[in-house]
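Below, each chain spelled out in residue letters.
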Amino acid sequence: MPRYFTDEHEWIDVAGDIATVGITDYAQSQLGDIVFVELPAPGTALEKGKDAAVVESVKAASDVYAPISGEVTEANAALEEDPALVNTSPEADGWFFKMTIGDASELDGLMDEGAYKEFVASL
């Protein structure tokens, strides 16, 4: 399953016409202890680059942006019970939502893992 990254530190896994979205380990480490996550409801239409979710830590609240356009099919209910999953498993169990892929060509503008690692190293 291909994984892509944004310059806003979101990751996106693509499986067929469904994508799973979360924030990167780098992002969660910058935020600190996550205390609350506000997720989009299934059926929400998302537009690439626009607000999709909110993550709050003891340091700050940050927007999570949609890496591509599409419609939310599922939100990670486990985060409502345990938002700290974003800290302990940011790129696996701490995913935020799943969505349809509205326009697969939008994936072309995202980074692969190597490019993302170079990007983070330059920060």
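Calculation notes
- Residues numbered from 1 in each chain as written.
- Predicted model: local features only at pLDDT ≥ 70, side-chain atom pairs only at ≥ 80, totals over all residues.
- Heavy atoms only, no water.
- Phe/Tyr/Trp six-rings, centres within 6.5 Å; stacked < 30°, edge-to-face > 60°.
- Helix = DSSP H or I, 4+ residues; strand = E, 2+ residues; numbered from the N terminus.
- Buried < 20%, exposed > 50% of the residue type's maximum accessible area, 1.4 Å probe, protein only.
- Salt bridge = Lys/Arg side-chain N within 4 Å of Asp/Glu carboxyl O.

**Q** What's the story with the packing of aromatic side chains in this structure? I'm lost.
**A** Across all of its chains, the model carries two aromatic pairs by this definition. Seen from their ring centres, Phe-5 and Tyr-116 are 4.6 Å apart, and the 10° between their planes marks the pair as stacked. Remark: Tyr-116 occurs in helix 4 (residues 113–121) and Phe-5 occurs in strand 1 (residues 3–5); sequence separation between them is 111 residues. Residue Phe-5 shares its accessibility class with Tyr-116, and that shared class is buried. A ring pair is formed by Tyr-116 and Phe-119, whose centres lie 6.3 Å apart and whose planes are at 40°; its orientation type is tilted. Of the two residues, Tyr-116 and Phe-119 are both situated in helix 4; the distance of three residues between them amounts to about one turn of the helix. Judged by relative accessible area, which is 6%, Tyr-116 ranks as buried. Given a relative accessible area of 22%, Phe-119 falls into the partly exposed group. What links up through ring pairs into an aromatic cluster is the set Phe-5, Tyr-116 and Phe-119.

**Q** Please clarify how the pattern of salt bridges should be interpreted in this entry.
**A** Any two side chains of opposite charge can pair, given that their charged atoms come close. A full pass over the atoms with the stated rule returns three salt bridges. As a salt-bridge pair, Arg-3 and Asp-13 come within 2.6 Å of each other at their nearest N and O atoms. Of this pair, Arg-3 sits in strand 1 while Asp-13 sits in strand 2 (residues 10–15), and the two are ten residues apart along the sequence. We classify Asp-13 as buried; its relative accessible area is 11%. Note that Glu-91 is salt-bridged to Arg-3, the shortest N-O span being 3.0 Å. With Glu-91 in the loop between helix 3 (85–88) and strand 9 (97–100) and Arg-3 in strand 1, the pair connects residues that are 88 residues apart, well separated along the chain. Look at Glu-91 and you get partly exposed, because its relative accessible area is 27%. Classification of Arg-3 by relative accessible area gives partly exposed; the value is 25%.

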